[in-house]
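One-letter residues, chain by chain:
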Number of protein chains: 2
Amino acid sequence: MAEYRVPREDMQFVLQDVFQVDQDWSQSDELAELDLETAFAIIDEGAKLAETLIAPLARAADEEGVSYTDGQVTTPKGYKENFQQLAAGGWVGVTANPEFGGMGLPKSVSAQYEEMLCAADISFSLYPGLTAGAIMALDEHADSTLKSTYLENMITGQWTGSMCLTEPHAGTDLGMIRTKAIPQDDGSFAISGTKIFITAGEHDLAENIIHLVLAKLPDAPTGSRGISLFLVPKFLVNEDGSLGEHNGVVCGSIEHKMGIHASATCVMNFDAAKGWMVGEPNQGLAAMFTMMNYERLGVGIQGLGAATRSYQNALEYAQERIQGRGAKATRDTSKEADPIIVHGDVRRMLLTMKAFVEGGRAFSTYVGQQLDRAKFANDPAMRERGTALVQLLTPVAKAFLTDTGFEATVLGQQVFGGHGFIREWGQEQLVRDTRIAQIYEGTNGIQALDLLGRKVAGSRGELLKPLLEDIQTLLAEPLAGFEKEYQQLAEATQLVGEVTKSVLTRVAEDENIISSVAVEYLHLVGYVTFGYLWLRMAKAAAPLVAEKPYLASKAKTAKFYMARILPRIHSLAAVIKDGSSSLYLHEVGDF
Amino acid sequence: MAEYRVPREDMQFVLQDVFQVDQDWSQSDELAELDLETAFAIIDEGAKLAETLIAPLARAADEEGVSYTDGQVTTPKGYKENFQQLAAGGWVGVTANPEFGGMGLPKSVSAQYEEMLCAADISFSLYPGLTAGAIMALDEHADSTLKSTYLENMITGQWTGSMCLTEPHAGTDLGMIRTKAIPQDDGSFAISGTKIFITAGEHDLAENIIHLVLAKLPDAPTGSRGISLFLVPKFLVNEDGSLGEHNGVVCGSIEHKMGIHASATCVMNFDAAKGWMVGEPNQGLAAMFTMMNYERLGVGIQGLGAATRSYQNALEYAQERIQGRGAKATRDTSKEADPIIVHGDVRRMLLTMKAFVEGGRAFSTYVGQQLDRAKFANDPAMRERGTALVQLLTPVAKAFLTDTGFEATVLGQQVFGGHGFIREWGQEQLVRDTRIAQIYEGTNGIQALDLLGRKVAGSRGELLKPLLEDIQTLLAEPLAGFEKEYQQLAEATQLVGEVTKSVLTRVAEDENIISSVAVEYLHLVGYVTFGYLWLRMAKAAAPLVAEKPYLASKAKTAKFYMARILPRIHSLAAVIKDGSSSLYLHEVGDF
């Protein structure tokens with residue numbers, strides 16, 4: 001596999017030139033002291049860790065995997081040292097509250113760091129990633145005692161976090177969970193039940209693990225309105241902060257999976273484990289969503305990271321591997337054949353990956369910027385607008401970045417031909433590792449339901465408006481040489497409006513319409529948003545090309561995207577217009 | 001994983017009712033004695049083997065894999081017994097020449113048998129599959145001495161076959177191979193060189209392995225016009241037919257791969273190995289293509305078999321797994337939740353698989369029928385027309401059946417949610433095993449070049465005509481209730497014509513046009529052909545529904561296909577019309 005090279009220039013471009021995030025920072029009390037120079041220096045430090053420490057272990061870690069013996073989970077060789085080095089540098093708490101020792105970085109910057117970790121090794125990235133999410137949920141919803149007891153050690157990476165939602169019979173439908181929380185006289189709860197698919201539920205990287213667990217109080221209403229959130233530490237914490245006895249929670253086994261072999265996916269058995277409620281009774285799902293929304297962009301970034309890696313590998317291979325001949329004018333007759341990058345079909349695959357990678361980076365940064373505005377902006381209107389865009393775009397980020405990410409890993413594998421199927425090249429690992437990102441943290445189908453059902457239909461289309469406004473702002477500022485592409489984007493945006501309206505008018509009469517076209521709708525929004533971001537990048541790059549030659553490709557890739565990828569919306573729109581009818585012709589016996 | 005159930009009814013439907021293959025047989029001297037009843041009985045016998053013998057081993061065989069020690073390859077437990085039982089029943093030589101002991105079945109029938117083997121276990125299917133291809137190449141191109149020495153034992157499965165093409169530096173571009181064949185005084189050749197990615201190059205299933213090897217004579221012209229084909233046995237065969245000494249060919253190692261773990265993918269080292277020429281000097285590629293064309297449909301069928309399995313598994317899961325609630329009228333309030341098959345998005349995934357599976361089965365049978373006409377028809381015009389359709393459709397069968405097959409395995413995995421990622425469910429194995437089918441036997445990109453470049457552009461569009469005629473024949477016979485769908489197919493067919501014309505007019509001025517749009521073109525042809533086959537199936541089923549209730553779903557799935565899948569052609573056509581320009585904006589430094 002090619003050595004991983006963090007795309008520092010592109011990260012700087014999106015932060016500085018495309019989104020001008022420093023202007024946002026200057027309008028925030030909490031971020032006023034941050035500047036781009038500092039952010040770039042942090043990115044560069046993180047890049048060194050990803051390139052030299054994390055990435056080189058990924059292949060061996062995949063082969064070795066995690067192992068399980070009597071409740072103990074052993075991670076692959078080198079993971080513990082790397083995790084501790086990361087933790088020592090403060091990298092577990094990059095976005096965490098400075099009050100408890102966090103770096104307090106905005107998400108637009110930490111998104112770059114997360115991308116590097118995922119590109120280097122998705123399995124490894126999950127350990128600090130889950131911890132960061134747990135930190136955020138506790139910071140937002142836990143009481144001061146819990147915060148002061150747990151947050152600092154989690155932010156330093158001395159302890160890690162997990163989120164325990166799924167049960168054997170309850171995945172998507174969390175309303176059905178059976179884990180019980182019985183109130184105790186001391187204000188704690190006795191938690192009992194079985195959770196499955198718990199990432200980093202048990203491991204040997206840190207001395208304690210803080211589980212955030214969904215469970216039901218004895219008198220809880222049925223369904224999702226009766227779920228509460230609890231903090232359950234692996235080891236109880238004494239008054240003086242030292243670790244006490246092992247709590248009633250053990251890892252029963254680990255799963256054997258298609259990929260992310262080095263990530264421990266645990267069955268966790270809670271047997272009257274001591275826990276404390278986080279937030280209000282029966283409001284646990286909302287509290288967990290704080291963590292899950294954070295994680296959902298993070299999972300999207302897994303797709304982006306893997307796509308980046310796939311592109312880098314495939315590009316290197318396509319430039320070195322000689323096979324066949326290109327067009328007459330370009331042939332290198334000093335060699336037996338030309339590098340395969342001369343072939344149209346190989347360029348198609350490489351440029352599709354490149355368009356997804358750089359478009360995806362712009363997208364994750366765009367969403368990151370909105371998260372930051374929602375959290376840090378002084379101006380309430382800016383916060384509100386950011387919040388709306390976050391609500392709209394979070395499911396798109398999770399699903400579209402992982403769907404395009406998976407496509408990119410499969411395309412990269414295809415560029416390698418037979419070698420792409422062989423383990424030693426590392427390309428097939430990217431496919432296996434990325435596949436899970438389309439499934440966990442709410443399947444991409446669920447993300448689509450969230451987008452079209454809860455967000456778009458739920459707001460009667462209102463939540464779409466800030467996105468459409470952003471696109472209109474760009475369309476109002478023509479870019480020379482892109483008349484055709486601007487026209488395309490205008491038409492595509494109009495199509496989103498039409499299609500949305502057509503779905504909304506059918507919602508009242510057709511209970512199945514949302515779930516029947518949601519995935520196509522999410523893809524439609526994703527492709528149009530990428531089109532917007534590609535033209536925005538082309539526009540931002542245009543005046544800078546002389547100064548930064550690296551940016552010369554932006555206009556070209558933008559044209560590629562508009563010509564070859566955006567047309568996918570035509571098929572999606574046709575399917576959405578068809579609605580639910582063709583999905584409900586079949587009776588049970590017809591399948 | 002759900003138990004594999006061979007779709008016998010559907011196989012009978014395509015053979016008898018859709019393609020009426022028995023009418024062809026009655027017009028062939030060689031097949032005149034075959035009738036449908038016999039064919040169905042054979043399919044049923046094969047089905048029992050696939051269901052009870054082959055399929056149950058697949059999961060364990062994936063876990064165990066093949067192992068290598070000192071040139072020896074050990075296959076998973078049970079493979080040898082199963083292979084020998086298959087061989088004893090004559091199943092290795094299903095399509096082989098009866099003169100040497102083969103069953104002599106037509107391909108339309110054997111395609112059903114191959115589908116079962118692939119659905120049961122792709123890894124296992126490769127051992128008899130490669131042997132069948134080698135038998136065919138020898139039968140067509142070898143001299144009588146080679147045939148009488150080797151064919152019978154290969155047809156009985158006592159010996160197996162392999163095809164040795166790829167070298168480390170020469171995969172797609174076989175013109176660069178370096179393996180040498182030096183003529184010996186006794187009429188044999190000394191073969192030296194290294195071949196990689198050799199499926200079943202070494203194993204423990206049979207007592208001898210007959211390699212078909214591409215190599216170059218000392219005075220060979222450069223490039224692909226200088227390649228000859230040689231037969232190189234693992235053990236030399238004595239005059240009396242007994243096995244003699246080990247030939248100079250050994251397996252140097254095996255590859256560790258993403259999937260098909262139980263298939264031995266070998267590095268084969270030839271060191272002055274004794275071989276005999278098959279066919280004419282420097283005509284080896286053409287001879288090998290006899291085998292490769294046969295294998296290409298076979299590889300397409302791997303995608304179909306895996307899709308079938310994926311559909312069956314996902315369907316069973318979707319009917320059993322309860323999660324969430326469907327539309328009010330359909331809720332089963334006696335249960336905590338409804339089976340997930342009530343959800344539009346799950347139905348979308350299931351029906352997409354079903355449309356690919358049954359459409360794919362019709363397609364493989366359609367191509368099989370053309371292969372049979374090309375080979376067996378008494379009428380020369382029928383033979384010629386069959387040959388033309390085979391030339392056109394072989395690359396489509398290989399690429400489109402594996403691309404849709406891969407999509408079906410990924411969709412099936414998605415239906416399972418997190419369980420789809422766990423090895424014990426078997427669903428992720430289907431994804432890993434199917435992925436190779438898009439790569440080997442000529443990548444799907446190469447198939448697309450073959451279709452658009454060699455076949456369509458090479459014939460100035462002539463080779464398309466028989467397919468378009470078949471579609472027009474159907475369109476001329478209206479089916480009540482399908483007016484809209486017939487109109488759609490008519491428009492789609494016209495689109496193929498337009499797009500083809502537009503590419504052909506640009507070929508002279510644009511050297512890159514073919515390789516730039518070939519994959520989209522192949523998919524366009526694939527989707528339209530499936531549309532044709534779906535309407536043809538709907539038409540064939542209509543009068544039979546009362547008699548065969550199973551066929552009630554055909555009209556419904558046809559409507560689903562036309563509404564939800566066929567619209568993909570709009571995006572493909574847009575991309576093809578764009579041509580090569582957006583792929584060639586980037587200079588080397590821009591990637």
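Remember, predicted model here, so these are calculated numbers, not experimental data.

Rules of the game
- Residues numbered from 1 in each chain as written.
- Chains lettered and ligands numbered in written order.
- Predicted model: local features only at pLDDT ≥ 70, side-chain atom pairs only at ≥ 80, totals over all residues.
- Heavy atoms only, no water.
- Helix = DSSP H or I, 4+ residues; strand = E, 2+ residues; numbered from the N terminus.
- Rg over C-alpha atoms; globule rule 2.2 N^0.38 Å.
- Buried < 20%, exposed > 50% of the residue type's maximum accessible area, 1.4 Å probe, protein only.
- Contact = heavy atoms within 4.5 Å.
- Areas by Shrake-Rupley, 256 points an atom, 1.4 Å probe, with all protein chains shown as cover.
- Lys, Arg positive; Asp, Glu negative; His and termini not counted.
- Charge placed at Lys NZ, Arg CZ, Asp CG, Glu CD.
- Phe/Tyr/Trp six-rings, centres within 6.5 Å; stacked < 30°, edge-to-face > 60°.
- Lys NZ or Arg CZ within 6 Å of the ring centre and 35° of its normal.
- Buried area = accessible area lost by both parts, 1.4 Å probe.
- Salt bridge = Lys/Arg side-chain N within 4 Å of Asp/Glu carboxyl O.
- Pairing = 2+ DSSP bridges.
- Least-squares fit on C-alpha atoms with pLDDT ≥ 70 in both.
- Disulfide = S-S within 2.5 Å.
- Axes fitted to C-alpha atoms, helices over the stretch in contact; angles between N-to-C directions.
- Parallel < 35°, antiparallel > 145°, perpendicular 65-115°, else oblique.
- Nonpolar A, V, L, I, M, F, W, Y, C, P; charged D, E, K, R; others polar.
- UniProt positions renumbered as here; feature names shortened; annotations may be inferred.
- Polar contact = N/O pair within 3.5 Å; in protein donor to acceptor, adjacent residues only side chain to side chain.

Peer 1: Can you tell me about the overall build of chain A, naming the residues and giving the values?
Peer 2: When its secondary structure is counted, chain A shows 18 helices and eleven strands. A globule of 591 residues ought to have a C-alpha radius of gyration of about 25 Å, and chain A, at 24 Å, matches this closely. Projected onto its principal axes, the C-alpha positions of chain A cover 80 × 60 × 60 Å. Among the 591 residues that make up chain A, the fraction classed as buried is 65%. Of the contacts formed within chain A by residues at least 6 apart in sequence, a portion of 74% connects residues at least 24 apart. Taken as a whole, chain A presents about 20,200 Å² of accessible surface, with 51% of it coming from carbon and sulfur. Chain A carries 51 positive and 75 negative side-chain charges, and their two centres are separated by 7 Å.

Peer 1: Tell me about the packing of aromatic side chains, and name the residues and values.
Peer 2: All told, the structure shown has 29 aromatic pairs over all chains when counted by the stated rule. Between the aromatic rings of Y317 of chain A and F416 of chain A, the centroid separation amounts to 4.4 Å while the plane-to-plane angle is 25 degrees, which identifies the pairing as stacked. Of this pair, Y317 of chain A sits in helix α9 (residues 284–320) while F416 of chain A sits in the loop between α11 (380–415) and α12 (427–435), and the two are 99 residues apart along the sequence. Taken as a pair, Y317 of chain A and F416 of chain A share a single burial class, namely buried. Of the aromatic side chains, those joined through ring pairs into one cluster are F363, F400, Y527, F530 and Y561 of chain A. R435 of chain A extends its terminal NZ or CZ atom over the ring of F406 of chain A, reaching a point 5.6 Å from the ring centre. Above the ring of F482 of chain B, the side-chain terminus of K559 of chain B is found at 4.2 Å from the ring centroid.

Peer 1: Explain the interface of chain B and chain A residue by residue, including any values.
Peer 2: Across the contact, 93 residues belong to chain B and 92 residues belong to chain A. Summing both sides of the interface, chain B and chain A together bury roughly 7,600 Å²; the carbon and sulfur share of this comes to 58%. Among the residues chain B hides against chain A, the three largest losses belong to F421, R564 and F591 of chain B. Together they make up 12% of the total. Our enumeration of links across chain B and chain A arrives at eight salt bridges. D590 of chain A is the salt-bridge partner of K556 of chain B, the closest N and O atoms lying 2.6 Å from each other.

Peer 1: Lay out the environment of F13 of chain A in plain terms, naming residues and giving numbers.
Peer 2: Residue and element names in this part refer to chain A. With respect to the helices, strands and loops of the structure, F13 is situated in helix α1 (residues 8–18). In sequence terms F13 and A540 are 527 residues apart; their C-alpha atoms lie 8.7 Å from each other. Leaving out residues up to four positions away in the same chain, F13 has contacts with V18, M537, A540, A541, L551 and K554.

Peer 1: An account of the pairing of strand β7 (residues 228–233) of chain B is requested, with residue identities and associated values reported.
Peer 2: The side chains of a regular strand alternate, first on one face of the sheet and then on the other. Residues and elements named next belong to chain B. For β7, a buried count of six out of six residues is recorded, marking the element as mostly surrounded by other parts of the structure. Of the two faces of β7, the one holding S228, F230 and V232 and the one holding L229, L231 and P233 are both buried throughout. Sheet analysis places strand β6 (residues 208–215) next to β7, joined by six bridges and oriented antiparallel. Of the residues in β7, the one forming a bridge with H211 is V232. With three bridges connecting them, β7 and strand β11 (residues 265–278) associate as antiparallel partners. What sits directly across from L231, in β11, is W276.

Peer 1: An account of the relation of the copies chain B and chain A is needed here, citing residue identities and associated values.
Peer 2: Both copies of the chain are placed relative to one another by a rotation about an axis and a shift along it. Its rotation angle being 180 degrees, the transformation that places chain B on chain A also includes 0.0 Å of axial translation and leaves an RMSD of 0.0 Å. What we have between these two chains is a two-fold relation. Comparing interface residues between copies, 99% of those in chain B also lie at the interface in chain A; the contact surface is shared.

Peer 1: Describe the side chain of S110 of chain B, with residues and values.
Peer 2: Residues and elements named next belong to chain B. Turning to its location among the elements, S110 is positioned in helix α6 (residues 107–120). We classify S110 as buried; its relative accessible area is 0%. Aside from chain neighbours lying at most four places away, what touches S110 is V94 and T95.

Peer 1: Quick one: what's the story with the state of the cysteines, residue by residue and with numbers?
Peer 2: Residue and element names in this part refer to chain A. What the rule picks out here adds up to zero disulfides over all chains. With no disulfide partner, C266 has as its closest neighbouring cysteine sulfur the one in C251, 3.9 Å distant. Judged by its relative accessible area of 0%, C266 falls in the buried class.

Peer 1: Go over the packing of helix α16 (residues 513–541) of chain A against helix α10 (residues 344–376) of chain B, please, and point to the residues and values.
Peer 2: Each packed pair of helices is defined by two parameters, the angle between the axes and the distance between the axes. Orientation of α16 of chain A relative to α10 of chain B, taken along the N-to-C sense of each, is 70 degrees, at an axis distance of 6 Å. It follows that α16 of chain A is roughly perpendicular to α10 of chain B by the angle criterion. Here α16 of chain A contributes S515, S516, V519 and E520 of chain A to the contact with α10 of chain B, which in turn contributes G344, D345 and R348 of chain B. Split by residue class, the contact of α16 of chain A with α10 of chain B holds one nonpolar, three polar and three charged.

Peer 1: Residue-level account of the pattern of salt bridges, with values.
Peer 2: Residues and elements named next belong to chain A. Applying the stated rule across the entire model yields 70 salt bridges over all chains. Across the salt bridge formed by E167 and K195, the nearest N and O atoms sit 2.9 Å from each other. Within this pair, whereas E167 is found in the loop between β3 (159–164) and β4 (180–183), its partner K195 is found in strand β5 (residues 189–199), the two being separated by 28 residues in sequence. Judged on exposure class, the residue E167 and its partner K195 are both buried. Among the ionic contacts, a cluster of salt bridges with common partners joins D10, E115, K354, E358, R361 and K554.

Peer 1: Just give me the short version of the pairing of strand β3 (residues 159–164) of chain B, but keep the residues and values in it.
Peer 2: All names here are of chain B. Burial of β3 is extensive: six of the six residues sit out of reach of the surface. Side-chain alternation along β3 places W159, G161 and M163 on one buried face and T160, S162 and C164 on a second face that is also buried. Pairing geometry for β3 and β6, over six bridges, is parallel. Bridged to C164 within β6 is V213.

Peer 1: Break down the UniProt feature "domain: Acetyl-CoA dehydrogenase-like C-terminal" (unreviewed entry) in chain A for me, citing the residues and quoting the values.
Peer 2: The UniProt record marks residues 468–583 of chain A with the feature "domain: Acetyl-CoA dehydrogenase-like C-terminal" (unreviewed entry), using the residue numbering of this structure. In the segment residues 468–583 of chain A, helix accounts for 75% and strand for 0%; the C-alpha atoms at its two ends are 30 Å apart.

Peer 1: Outline the side chain of R536 of chain A, listing residues and values.
Peer 2: Residue and element names in this part refer to chain A. The residue R536 is located in helix α16 in this model. Salt bridges are absent for the buried R536, whose nearest opposite-charge side chain, D470, sits at 5.1 Å. Among the polar contacts made by the side chain of R536, one reaches the side chain of Y532 at a distance of 2.7 Å.

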